[in-house]
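Spelled out, the chains give:
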Amino acid sequence: MSAGRVALAVTGASGALYAVKTLSELLARGVHVELVVSDYGRRLLRDELGDEASLEKIVPYLSGKYGEKVHAGALTVHSNRDLGATIASGSHHCSAMAIVPCSMKTLAGVAHGLSRNLVERAADVMLKEHRRLVIVPRETPMSLPALKNMVLCAEAGAMVVPAMPAFYQQPKSLDDLADFMAGKILSALGFEHDLYPEWTGQVGS
Ligand SMILES: Cc1cc2nc3c(=O)[nH]c(=O)nc-3n(C[C@H](O)[C@H](O)[C@H](O)COP(=O)(O)O)c2cc1C
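Residues numbered from 1 in each chain as written. Predicted model: local features only at pLDDT ≥ 70, side-chain atom pairs only at ≥ 80, totals over all residues. Heavy atoms only, no water.

Q: Where do I start with the sheet that holds strand β4 (residues 96–102) in this structure?
A: In sheet architecture, strand pairing relies on hydrogen bonds along the backbone and comes in two forms, parallel and antiparallel. Reading across the sheet, the six strands line up as β3-β2-β1-β4-β5-β6 and stay open at both edges, with parallel pairing between neighbours. The open sheet terminates on both sides in strands that have one partner only, identified here as β3 (74–78) and β6 (159–160). Alignment of β4 against strand β5 (residues 132–137), held across five bridges, turns out to be parallel. Opposite methionine 97, over in β5, you have leucine 133 as the bridge partner. (Pairing = 2+ DSSP bridges. Helix = DSSP H or I, 4+ residues; strand = E, 2+ residues; numbered from the N terminus.)

Q: Got a minute to help me understand the pattern of salt bridges in this structure?
A: Oppositely charged side chains may form a pair once their charged atoms are brought near each other. Throughout the structure, instances matching the rule amount to twelve salt bridges. Where aspartate 39 meets arginine 81, a salt bridge forms, and the shortest distance between an N and an O atom there is 2.7 Å. Pair noted here: aspartate 39 is in helix α2 (residues 39–49) and arginine 81 is in the loop between β3 and β4, with a separation of 42 residues, a long-range link. For aspartate 51, the salt bridge goes to lysine 57, with nearest N and O atoms at 2.8 Å. Ionic contacts of the salt-bridge type, sharing partners, join the residues Lys21, Glu25, Arg29 and Asp179 into one network. (Salt bridge = Lys/Arg side-chain N within 4 Å of Asp/Glu carboxyl O.)

Q: Is there a simple way to think about a nonpolar patch on the surface in this case?
A: The grouping of Tyr168, Trp199 and Val203 at the surface amounts to a nonpolar patch, some 300 Å² of accessible area in total. When you line up the elements, tyrosine 168 lands in the loop between β6 and α7 (174–189). Judged by its relative accessible area of 31%, tyrosine 168 is partly exposed. (Patch = residues over 30% accessible without salt bridge, like charges linked within 9 Å, V, L, I, M, F, W, Y side chains within 5 Å. Areas by Shrake-Rupley, 256 points an atom, 1.4 Å probe, with all protein chains shown as cover. Buried < 20%, exposed > 50% of the residue type's maximum accessible area, 1.4 Å probe, protein only.)

Q: Looking at this model, I keep getting lost on the packing of aromatic side chains. Mind explaining?
A: Counting across every chain of the model gives three aromatic pairs. Residues tyrosine 168 and tryptophan 199 carry aromatic rings whose centres are separated by 5.3 Å and whose planes lie at 65° to one another, so their mutual orientation is edge-to-face. Note that tyrosine 168 is positioned in the loop between β6 and α7 and tryptophan 199 in the segment after α7, a separation of 31 residues in sequence. When its relative accessible area of 47% is taken as the criterion, tryptophan 199 is described as partly exposed. Judged by centre distance (4.8 Å) and plane angle (40°), the ring pair of phenylalanine 180 and tyrosine 196 falls under tilted. Taken together, the residues span a long stretch of sequence, with phenylalanine 180 in helix α7 and tyrosine 196 in the segment after α7 at a distance of 16 residues. A single burial state applies to phenylalanine 180 and to tyrosine 196, both of which are buried. One aromatic cluster in this structure is built from Tyr168, Phe180, Tyr196 and Trp199. (Phe/Tyr/Trp six-rings, centres within 6.5 Å; stacked < 30°, edge-to-face > 60°.)

Q: Help me understand the site of the ligand in this model?
A: By nearness alone, 14 residues border the ligand, and Gly12, Ser38, Ser103, Thr106 and Arg138 come closest of all. Between the ligand and glycine 12, the relevant distance is 2.6 Å, taken from an oxygen atom to a main-chain nitrogen or oxygen of the residue. Measuring from an oxygen atom of the ligand, one finds a side-chain N or O atom of threonine 106 at 2.5 Å. For the ligand, whose accessible area on its own is 640 Å², the fraction buried by protein is 74%. Going through the elements one at a time, α2 and α4 (104–111) are the ones with two or more residues in the shell around the ligand. Across the shell around the ligand, the residue classes tally to three nonpolar, six polar and five charged. (Near = heavy atom within 4 Å. Polar contact = N/O pair within 3.5 Å; in protein donor to acceptor, adjacent residues only side chain to side chain. Nonpolar A, V, L, I, M, F, W, Y, C, P; charged D, E, K, R; others polar.)

So, in structure tokens, the structure goes:
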């Protein structure tokens, strides 16, 4: 996929590191990211990454952690309460969306087309317009309603990419695990990357 506009939603499921890594990789590719963070997504950024990663400070946090390359792209932050934001409309040229991480509550809202807030509405727009929607759910164990909601989303055309990092790439750090998930998300969005080694048939080769 070429640079363009991509919507990124962050909701209140564990895995803030996946969100910031995905955001930094999109920005480094020159993408205009339209970011929307739920109330619990905001809390998650602070709880898991510290106050310096709060939404208000996210750009300096990203450049401090990932380097100045994040300034290649553009960032627009939308309120989750603003159902009149650009990404709430199918006429807006936003080619894809990822929800990273996706809580079971937001998963349910997307699965049932509720559009109660901008995250759910923008996801519904992606489904109705047959554009790429990547959902990264995180919960364990999974309830039957959550499992069924993933099926509903997949049937509606979304790509369900559970937050399940692998270990065959022999991760040494949390960032290595986040790189793996961010790579999977970028692939699902249609971007090339080298965030984890290609599988060669053997561990560690
Ligand atoms: C620190 C923290 C971690 C959480 N982790 C998860 C999780 O992994 N999965 C999940 O579905 N909900 C999790 N929750 C609960 C959700 O945040 C809660 O259901 C919230 O209402 C989700 O709202 P949202 O989808 O609008 O962000 C967590 C909450 C907190 C405070």
